[in-house]
Amino acid sequence: IIGVYGMELEEKMEKQQSISANKRKTISFYKYRAVFRENGDQTNFSNIVKFLMPHLDNNNYKVNIVSFNNFKNSIETNRKYIPQNEHLNGVYFLSFKRIFPRKKNIYQALEMFINIIRFLYSINKYRPDIVYVYGDTPLFIASLAKLFSSYKIVYDKRGDYIDELEKLGASKRKLGWLKKILAYSERKIEFTYVVSDTYKKDQNNSTIIPKYNYFDKNIFYYSEKEMLAKRAMLNLSNKFVFVYTGSSYHYQMVEETVLFFSKFNKVFKDSFFIVLTESDHNDFIKYFKKYNVSEGSYSVSSMTQKELCSIQMIADLAFLFRADLPLNRNSFPTKFAESLANGIPVLTTEFIETIVPMIKNNGLGEIIDLSIDDTDIIYEIHKKYLSNLEVKQKCADYSNIHLQWQKKSFDHFKQIDAII
């Protein structure tokens, strides 16, 4: 499905025609799954495009977004989302629908083969100077197809895909092939964006550049006045409020999070837990029931990002537990920057190795060890963070200086533009 969206396209074309054709550059973004949807992965990708667009436009780039593996509802979401966002005016979209089921290896292989053909079609159509691949699968395809073209590849690495497959029980043979393909693919790129400082240190490679999951200040912000008013409106002014924002994937330690809150709630009956999720609410409620947390001590709901901001702002502390896995050690959860921007210190484990020093060195929350008795920790947390407006302001100030897309996007653009 090919389309050009935006009411200002003619104006852009006139502007572009006024500059000699040989100065025009083209960048194509490639994503393997749905482009626009309200979860962490899609939000990160949307923000990359959103905040690069002014710089790309000002420097006369033609911009394309190509996505594979789309289901019918994903394509419908794109059609609704794109016209509502001014920064996508004049962007060319090419969305390919998934053909085969996901589960069997033979179907996966057939889908990959078809997507390589589709990729070659898109390259021939757009003739990009730069191919920005978001995730491992587009990288595999782009590196193979590079045999037929001279584009430059920028690789936005999203977690440790092979490690995640290994933890899910993938066969050694499959993992072996994937490791060989990844090693080949990484030799074809100009540089790699990673969200982890520790990954860069482990690899000791100058072509690896840390780029965190930043936040959008137009959506996430902190206002003490609004926060206090919202707490009063929800009858939570005198309570210790926790918030969890995210899904119920296994690596996000939902059960451990609810268990910790149940212990806290037994000591301090004035505590309350807000869960904001797009996952099935029962994925959380079953654990509240398992650990005998009363219904009056928690809420589970779904909402848009803008609604989410005003609700989670009221929290005293945000949960961000992660297990000891390579996937987590080399991660930078989107909710970290967004929570701080909302003025919320973070309660996390020691295994997200990039954010732990930020928290410790700047007083942005607490690092806890879930394997030890936490009675003393519970009292310390309650004393330190209950209605602590000074800490909330410190978190917001730190995020605004160091983790804001509006302040980081130009550096990101300069790195990309320098390769051609």
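Once a new chain begins, its residue numbering starts again from 1 and follows that chain's sequence as written. This being a predicted model, a pLDDT of at least 70 is required before a residue's local features are given, and a value of 80 or more before pairs of side-chain atoms are given or counted; all residues contribute to the totals for chains, interfaces and linings. Heavy atoms from the whole structure form the basis of all side-chain values; hydrogens and water molecules are not counted.

A. The arrangement of the pattern of salt bridges in detail. A side-chain nitrogen of Lys or Arg and a carboxyl oxygen of Asp or Glu constitute a salt bridge if their distance falls within 4 Å. Within the structure shown, the criterion is met by 12 salt bridges. The residue lysine 384 makes a salt bridge to glutamate 366 at a minimum N-O spacing of 2.7 Å. A residue pair is termed long-range when its members are at least 10 positions apart, and lysine 384 in helix α16 (residues 375-385) and glutamate 366 in strand β14 (residues 365-367) qualify at 18 residues. Residue lysine 384 is classed as partly exposed on the basis of its relative accessible area, which comes to 43%. Linking lysine 414 and aspartate 411 is a salt bridge whose minimum nitrogen-to-oxygen distance equals 3.8 Å. With lysine 414 and aspartate 411 both in helix α18 (residues 405-417), this residue pair falls three residues apart, about one helical turn. Within the structure, one salt-bridge network assembled from shared partners comprises Asp156, Arg158 and Lys211. Secondary structure elements are taken from DSSP: a helix is a run of H or I of four residues or more, a strand is a run of E of two residues or more, and numbering for both begins at the N terminus. Burial classes follow relative accessibility: with a 1.4 Å probe on protein chains only, a residue under 20% of its type's maximum area counts as buried, one over 50% as exposed, and anything between as partly exposed.

B. Fine view of the nonpolar core. By convention a nonpolar core is built from buried Ala, Val, Leu, Ile, Met, Phe, Trp, Tyr and Cys residues, the set being connected through side-chain atoms within 4.5 Å. Of all hydrophobic cores here, the largest spans 97 residues; its most connected members are Phe29, Phe242, Phe260, Phe273, Phe288, Phe336 and Leu403. Ranked by residue count, the leading element in this core is helix α2 (residues 40-58), at seven residues. Formed by 26 residues, the second largest nonpolar core is a distinct cluster that contains Tyr126, Val133, Tyr155 and Ile162.

C. View of the packing of helix α4 (residues 105-126) against helix α5 (residues 136-145). Helix axes are fitted to C-alpha atoms over the stretch in contact, other axes to C-alpha atoms as well, and angles between N-to-C directions run from 0 to 180 degrees. Packing of α4 against α5 brings their axes to within 10 Å, and their N-to-C directions diverge by 60°. Between α4 and α5, the crossing angle belongs to the class labelled oblique. For α4 against α5, the interelement crossing comes out right-handed. Residues Met112, Asn115, Ile116, Phe119 and Leu120 of α4 lie in contact with α5, whose contacting residues are Thr137, Ile141, Ala142, Leu144 and Ala145. In the contact of α4 with α5, the residues fall into eight nonpolar, two polar and no charged. Angles below 35 degrees are treated as roughly parallel, those above 145 as roughly antiparallel, those between 65 and 115 as roughly perpendicular, and all remaining angles as oblique. Each crossing is labelled by how the near helix is turned from the far one, with a counterclockwise turn of less than a right angle marking it left-handed and a clockwise turn marking it right-handed. Contacts are residue-level and defined by heavy atoms, with any inter-residue pair within 4.5 Å sufficient. When residues are sorted by character, Ala, Val, Leu, Ile, Met, Phe, Trp, Tyr, Cys and Pro go into the nonpolar class, Asp, Glu, Lys and Arg into the charged class, and all the rest, Gly among them, into the polar class.

D. Geometry of the environment of isoleucine 181. Tracing the sequence through the fold places isoleucine 181 in helix α7 (residues 172-186). We classify isoleucine 181 as partly exposed; its relative accessible area is 31%. Along the backbone, isoleucine 181 and isoleucine 285 are 104 residues apart, and their C-alpha atoms lie at a distance of 41 Å.

E. The packing of helix α14 (residues 334-341) against helix α17 (residues 389-402), seen in detail. Two elements in contact, α14 and α17, have axes separated by 7 Å at closest approach and are oriented at 125°. When the axes of α14 and α17 are compared, the pair comes out oblique. Contacts between α14 and α17 pair Ala337, Leu340 and Ala341 from the former with Cys395, Ala396, Tyr398 and Ser399 from the latter. For the contact of α14 with α17, the per-class residue count stands at six nonpolar, one polar and no charged.

F. Examining the packing of aromatic side chains more closely. For Phe, Tyr and Trp, where Trp contributes only its six-membered ring, two rings pair if their centres lie within 6.5 Å, and the inter-plane angle classes them as stacked under 30 degrees, edge-to-face over 60, or tilted in between. A full pass over the atoms with the stated rule returns 34 aromatic pairs. When the ring of tyrosine 212 is compared with that of phenylalanine 332, the centres are 4.6 Å apart and the planes differ by 10°; the resulting orientation is stacked. One end of the pair, tyrosine 212, is in the loop between β8 (208-210) and α9 (224-233); the other, phenylalanine 332, is in the loop between α13 (326-329) and α14, and 120 residues separate them in sequence. Judged by relative accessible area, phenylalanine 332 falls into the buried class, the value being 2%. Following the ring pairs from residue to residue traces out a cluster consisting of Phe240, Phe242, Phe260, Phe261, Phe264, Phe268, Phe273, Phe288, Tyr298, Phe319, Phe321 and Tyr379.

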